[in-house]
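One-letter residues, chain by chain:
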Amino acid sequence: MAADKQNEAKIASVDENKENVPDTGVGLEILQIIKDSQQQHGLRHGDYQRYRGYCSRRLRRLRKTLGFKMGNRHKFTGKKITEEMLSDSRYLLLVLMEAERAWSYAMQLKQEANTEPRKRFHLMSRLRKAAKHGQKLEKLCESPSIDAKTKLEAQAYTAYLTGMVEFELQEWKPAMEAFNKCKTIYEKLASAFTEELAVLYHQRVEEISPNIRYCAYNIGDQNAINDLMQMRLIGGGGGMMAEKLEALITQTRAKQAATMSEVEWRGRTLPVKIDKARIFLLGLADNEAAIAQASKEDTKEHLYETLLSECRDTIQAVREELKAEKQRERGPDADSGKVSNLQFLHSYLSYIKLCTVVKRNESMAHTLQAKLKDPHNDENKRGPKPQDLIRLYEIILQSLAELSTLQGLEEDHTFQKEMALKTLVYKAYRCFFIAQSYVLVKKWSEALVLYERVLKYAKEVQSKAKSLGNKDLPDVQELIAEVNAEKYSLQAAAILDTEEVNEAPSQHPVKDNTPLCDRLETFRLDPALVGKQPNLVHFPPGFQPIPCKPLFFDLALNHVAFPPLDDKVEQKGKGGLTGYIKGIFGFGS
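Residues numbered from 1 in each chain as written. Predicted model: local features only at pLDDT ≥ 70, side-chain atom pairs only at ≥ 80, totals over all residues. Heavy atoms only, no water.

Caption draft 1: Molecular detail of unusual backbone geometry. Geometrically, the link from F539 to P540 is a cis peptide bond, its omega value of -5° lying close to zero. Tracing the chain through its elements places P540 in the loop between helix 18 (476-503) and helix 19 (576-585). A positive phi angle, near 60°, is found at Q170, a position not held by glycine. Along the chain, Q170 falls in the loop between helix 6 (148-168) and helix 7 (172-192). Its relative accessible area of 55% is what places Q170 among the exposed residues. (Helix = DSSP H or I, 4+ residues; strand = E, 2+ residues; numbered from the N terminus. Buried < 20%, exposed > 50% of the residue type's maximum accessible area, 1.4 Å probe, protein only.)

Caption draft 2: Geometry of the packing of aromatic side chains. Counted by the stated rule, this structure contains 16 aromatic pairs. Judged by centre distance (5.1 Å) and plane angle (40°), the rings of W265 and Y348 are tilted. Within this pair, whereas W265 is found in strand 1 (residues 261-265), its partner Y348 is found in helix 14 (residues 341-373), the two being separated by 83 residues in sequence. Note on Y393 and Y429: the rings are 5.6 Å apart at their centroids and 10° apart in plane angle, and the pair reads as stacked. A residue pair is termed long-range when its members are at least 10 positions apart, and Y393 in helix 15 (residues 386-403) and Y429 in helix 16 (residues 413-440) qualify at 36 residues. Y429 gets classed as buried once you look at its relative accessible area, which sits at 10%. Lying across the ring of Y105, R52 places its NZ or CZ 4.0 Å from the centre. The residue whose ring lies beneath R204 is Y160, and the NZ or CZ to ring-centre distance is 4.2 Å. (Phe/Tyr/Trp six-rings, centres within 6.5 Å; stacked < 30°, edge-to-face > 60°. Lys NZ or Arg CZ within 6 Å of the ring centre and 35° of its normal.)

Caption draft 3: Quick peek at the environment of R430. Note that R430 resides in helix 16. Note: C-alpha distance between R430 and V454 (24 residues apart in sequence) is 8.7 Å. Residue contacts for R430: discarding those within four places in its chain leaves I390, Y393, E394 and L397. (Contact = heavy atoms within 4.5 Å.)

Caption draft 4: Summary view of the side chain of R204. Looking at the secondary structure, you find R204 in helix 8 (residues 195-219). Dropping the residues within four chain positions of it, R204 is found in contact with L31, K35, Y157, Y160 and Y186.

See below:
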């Protein structure tokens with residue numbers, strides 16, 4: 001349910017652009033709105049119930065927005081849409097959604113009628129209701145305030161719903177007439193508009209064609225089939241219908257020529273149908289003029305970022321439309337290899353974005369280069385370094401690589417040569433600032449080799465630029481003069497640096513692992529003494545011998561002769577009973 005609401009919010013913003021057509025009258029792109037709504041709300045999977053729910057919710061929102069409620073929850077009060085209300089195209093959309101809701105309910109019942117035959121009565125009731133709403137829409141579109149295209153689409157839509165009713169009633173001839181009328185109108189519309197809109201109308205014709213063939217099969221009269229297929233000439237209602245049809249087509253073409261924006265790029269004219277793309281391209285020249293007139297770098301940077309942000313949004317809108325187009329064109333001819341107008345428009349917008357990135361980074365590089373040459377830089381602040389410029393030129397080269405791979409320009413040899421030439425120019429600049437970064441760390445030989453590479457790139461650009469005649473390239477002659485000057489400065493700095501090394505050989509630090517305590521009488525320049533790990537003493541100290549604590553052992557005991565103690569030992573005699581008694585009473589002790 002949440003996904004449905006998100007999709008509804010998304011398509012609502014699209015429909016707002018499709019509902020209102022300025023200047024020549026109120027307009028409503030009926031077929032486009034129907035197809036988008038159906039694809040995004042269930043019909044891609046044949047879920048008619050979900051689509052019916054969407055139509056009901058859309059109707060409720062429209063009535064609430066327009067203040068066109070049918071009474072309240074307690075009482076119904078019917079209201080009719082009149083021609084005076086048609087200044088707002090949402091009233092037409094209201095009738096269209098009512099017809100779509102009835103039609104989707106009928107198709108839902110048709111699926112259920114396979115197992116419950118009595119639902120066919122309800123099915124026919126809903127189909128008749130949808131056709132009735134379609135006729136109401138066609139009648140409202142007859143107002144002079146409605147534009148020609150909307151009138152034609154309303155007639156085709158009503159003919160389609162009428163044909164569906166007759167088809168379900170198996171009234172083959174009226175159904176075939178209605179379908180042929182619908183097909184004729186859509187084919188006329190397809191012939192009047194550009195490729196993008198023609199695809200949608202041709203798809204509708206392909207959907208109707210099987211119904212027409214089935215009706216012709218059931219009629220069985222080949223002459224009748226051939227006569228009915230001639231409705232393209234008479235419009236289903238005689239010569240008057242054909243004249244009206246041609247008049248409306250002429251009016252629509254005039255309106256389209258006045259309002260449709262086209263852009264020409266690389267020898268190809270591209271119609272711009274997406275509102276966001278049209279707005280962006282119309283404002284592109286103004287944005288570029290504002291950037292050219294900006295004097296402050298901050299202002300210019302802000303304008304570049306704004307332009308890039310708008311360009312990204314426009315590319316995203318075109319990419320979404322491109323995905324929808326690919327889904328509609330799925331089939332055996334989908335991968336024909338031809339680049340469509342929409343895809344070429346996407347490439348054109350990508351070209352604008354990448355060229356803007358190149359111009360922005362080039363502008364930033366010029367600013368940093370001016371600061372790099374300025375001798376009055378504040379020492380307390382971090383100034384620009386050659387590494388900063390190297391990064392900018394890396395981004396420029398990456399953008400040029402993307403430009404050369406844009407779809408639809410692979411076979412444009414002139415464009416590819418231009419991109420290759422610009423790549424050489426910016427490679428030369430990148431190589432120049434890499435050489436300057438080596439100069440800062442006194443790597444003279446590496447810097448000299450890189451300066452020679454810059455001259456090689458610059459001379460190659462000069463030789464190729466004559467054949468192409470491209471005036472948008474940066475001037476490499478100034479770069480060549482600067483490189484020659486830097487080469488002389490580099491050679492002088494290298495010679496001076498060599499002399500300083502020869503004059504003070506004794507100042508070189510000598511590596512010695514002897515600690516300071518062992519060489520106090522000798523002066524030696526040792527930077528390690530003021531570092532984090534100075535070598536002052538031996539640590540840990542070495543072992544030294546020390547006297548041990550004496551150990552005493554009792555060895556004389558084994559050699560001592562003790563005196564006899566026999567006379568001291570009492571002899572125990574045999575006393576018998578008397579001795580026993582004496583022993584008891586203690587007389588013998």
